[in-house]
Amino acid sequence: MVPHVVIIGGGFGGLDAARALARAPVRVTLIDRHNYHLFQPLLYQVATASLSPGDVASPIRWVLRRQANVTVLLAAVQGIDTAARRLTLNAGPTDHGQPGDQEIAYDYLIIATGAAHAYFGHPDWADRAPGLKTLDDALEIRRQVLLAFEAAEREPDPIAERRLLTFVIVGGGPTGVELAGALAEIARQSLRKDFRNIHPESARILLLEGGPDVLGTFPEKLRERARASLTRLGVEVRTNSVVTTVDAEGVMVGGERISAQTVLWAAGVAASPVARSLGVPLDRAGRVLAEPTLAVAGHSGIFVAGDLCALQQDGRPLPGVAQVAMQEGAHAARNVIHAVRGEPLEPFRYRDYGNMAVIGRGSAVADIGPLKMSGFLAWLMWVFLHIFWLVGFRNRFAVMGEWAWAYMTLQRRVRLITGERLWPGA
Ligand SMILES: Cc1cc2nc3c(=O)[nH]c(=O)nc-3n(C[C@H](O)[C@H](O)[C@H](O)COP(=O)(O)OP(=O)(O)OC[C@H]3O[C@@H](n4cnc5c(N)ncnc54)[C@H](O)[C@@H]3O)c2cc1C
């Protein structure tokens, strides 16, 4: 019998695991609750009206269409029965699916279900302060940001208008920095001439970071440059500012009240809950404490990869970035092949190709080995690397076109307010 490898998750980790099994003598089933692979590094551009959802996501079935040993299933994995080596799937979210649960057996399992937001023990903040992890999150953020300007245009009371034009971003990591920079550009450039009653360029954009610096994982020089670039764009960067309340009015930072209609969450992650059903030790963020081989201790044939996997290298935890997920996914797959052949498993070693964050049009920071760059050259490098890594030729071509147009015109083409009905009853 050909061994059956099940991969949960078609993100960076899962996709590279499937690809690494292309020539292996195994049958692969890749299960994802979405029918697309999402390129999360460009998600903030969907949230800030630069790119369309289709530019940053590709159908998993299409991506793997040439790999004959892979079957792709659209379903959400609900539980893992490690004793029976079976997964429970919820395959009935729509009118078209079979209602109720289904089960699927595996010989080997690679779990790469990624991470979700964590609100520091305040799950109720989620409704008020959307985070950015999924396409739906990005569309919701785009909707809230554009609606705030629209509401301000109709608002006669200047205090209420000020609140509508105040945007708070919580968390000064790469996602928070990218969102803040893009929001500042929307307000100061793209929307500047489009309204009659308000001055969009007067919008207040605050980036609140609990730690001493934005982009805390970058070298000090690049952190300072990032902060300076954000300030030039008109972003109020506040460090050592821990948000203690998120409510209908806005946020509280220590004893200070900041009134803001739009609060965006770019702090804290928690691993996907699927790992809990393994019954193995997890770290504080809910990630599986994997063996150096990426195997799950006490469960032969089960591996983890990507944001779900907690692993230390040279005494430091590996970061939750796409490169780690891709390399771990491919490595987990290679260890599955070793296991199938009865060979010993190999420990994983991450090759760090560097870190980048974009701050705005023509401005980025790049920390690539001995190379510490900022400004336009770093941005150009960011542009080319992201085009290169993006999945699908059409997407590369489309994104390049969008960026060239946006660069020349300062415009954001996808300023569409979508989502649930805006005018109930109208
Ligand atoms: C806004 C944002 C910006 C980022 N920018 C960068 C960047 O610039 N550079 C960088 O290197 N990294 C960046 N990252 C981090 C990077 O995207 C992640 O580290 C990477 O996606 C992790 O890959 P993964 O395969 O572990 O998880 P993911 O890519 O998140 O994939 C997980 C997959 O599992 C599926 N899934 C989850 N639960 C279930 C379930 N129960 N059943 C079935 N399927 C399930 C999901 O639908 C998803 O497709 C960014 C992340 C975000 C959110």
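Residues numbered from 1 in each chain as written. Predicted model: local features only at pLDDT ≥ 70, side-chain atom pairs only at ≥ 80, totals over all residues. Heavy atoms only, no water.

Novice: Even after reading the chapter, I still don't get the sheet that holds strand S14 (residues 243-246), so can you show me in this structure?
Specialist: Where strands meet in a sheet, backbone hydrogen bonds hold them as pairs that are either parallel or antiparallel. With antiparallel pairing, the three strands of this open sheet are ordered in space as S14-S15-S16. Edge positions in the sheet fall to S14 and strand S16 (256-259), since each has one partner strand and no second. Taking the axes of each pair of neighbouring strands and ignoring which way they run, one obtains an average angle of 25° across the sheet. (Pairing = 2+ DSSP bridges. Helix = DSSP H or I, 4+ residues; strand = E, 2+ residues; numbered from the N terminus. Axes fitted to C-alpha atoms, helices over the stretch in contact; angles between N-to-C directions.)

Novice: Even after reading the chapter, I still don't get the sheet that holds strand S25 (residues 363-368), so can you show me in this structure?
Specialist: Read from one edge to the other, the open sheet built from three strands follows the order S24-S25-S26, with strand pairing classed as antiparallel. Taken across any chain shown, the strands that pair with only one partner, and hence form the sheet edges, are strand S24 (355-360) and strand S26 (371-375). The sheet shows a mean angle of 5° between the axes of neighbouring strands, taken without regard to direction. Note: S24 against S25, five bridges, orientation antiparallel. From the neighbouring strand, Ala357 faces S25, where its bridge partner is Val365. Along the sheet, helix H10 (residues 376-389) contacts S24, S25 and S26; its crossing angle with S26, the most-contacted strand, is approximately 100°. (Contact = heavy atoms within 4.5 Å.)

Novice: Would you take a moment to explain the site of the ligand for this structure?
Specialist: In the neighbourhood of the ligand, 28 residues make up the surrounding shell, with Gly13, Asp32, Gln40, Val77 and Asp307 lying closest. Here Gly13 contributes a backbone N or O atom positioned 2.8 Å from an oxygen atom of the ligand. Burial of the ligand by the protein amounts to 90% of the accessible area it has alone, namely 990 Å². Where the shell around the ligand is concerned, the elements lending two or more residues are helix H1 (12-20), strand S2 (27-32), strand S6 (76-81) and helix H9 (322-341). (Near = heavy atom within 4 Å. Polar contact = N/O pair within 3.5 Å; in protein donor to acceptor, adjacent residues only side chain to side chain. Areas by Shrake-Rupley, 256 points an atom, 1.4 Å probe, with all protein chains shown as cover.)

Novice: What am I meant to see in the pattern of salt bridges here?
Specialist: Tallying each qualifying case throughout the model produces 15 salt bridges. Between Arg238 and Glu256 there is a salt bridge whose closest N-O contact spans 2.7 Å. Separated by 18 residues along the polypeptide, Arg238 in strand S13 (residues 235-238) and Glu256 in strand S16 bring together distant segments of the chain. A cluster of three or more residues bridged by salt bridges with shared partners is formed by Arg204, Glu236, Arg238 and Glu256. (Salt bridge = Lys/Arg side-chain N within 4 Å of Asp/Glu carboxyl O.)

Novice: Even after reading the chapter, I still don't get H1, so can you show me in this structure?
Specialist: Helical periodicity: at 3.6 residues per turn, an α-helix aligns residues three or four positions apart in one direction. Here H1 lies mainly inside the structure; seven of its nine residues are buried. The complete set of buried residues in H1 reads Phe12, Gly13, Gly14, Leu15, Asp16, Ala17 and Ala18. Buried-residue contacts for H1 involve strand S1 (4-8), S2, strand S3 (36-38), helix H4 (60-63), strand S9 (108-111) and H9. (Buried < 20%, exposed > 50% of the residue type's maximum accessible area, 1.4 Å probe, protein only.)

Novice: Is there a simple way to explain the packing of H1 against H9 in this structure?
Specialist: Packed helix pairs are specified by the crossing angle of their axes together with the interaxial distance, meaning the distance between the axes. In the contact formed by H1 and H9, the axes pass within 7 Å of each other and the chain directions differ by 35°. Crossing angle aside, the handedness with which H1 passes H9 is right-handed. Contact residues: Phe12, Gly13, Asp16, Ala17 and Ala20 in H1; Ala322, Ala325, Met326, Gly329, Ala330, Ala333 and Ile337 in H9. In the contact of H1 with H9, the residues fall into nine nonpolar, two polar and one charged. (Left-handed = near helix turned anticlockwise from the far one by under 90°. Nonpolar A, V, L, I, M, F, W, Y, C, P; charged D, E, K, R; others polar.)

Novice: Which parts of the structure should I look at to understand the pairing of strand S12 (residues 204-208)?
Specialist: In regular strands, side chains alternate between the two faces of the sheet. Taken across its five residues, S12 has four buried, putting it largely inside the fold. For strand S11 (residues 166-170) and S12, the ladder comprises five bridges, and the chain directions are parallel. Bridge pairing in S12 places Val168 opposite Leu206. As for the winding sense of the linkage, the β-α-β connection from S11 through helix H7 (residues 174-190) to S12 is right-handed. The pairing of S12 with S13 spans four bridges and is parallel. Bridge pairing in S13 links Leu208 to Arg238. Following the chain from S12 across helix H8 (residues 220-232) to the adjacent parallel S13, one finds a crossover that is right-handed. (Right-handed = clockwise from strand over helix to strand, strands pointing away.)

The values reported here are purely geometric and, on their own, carry no functional implication.
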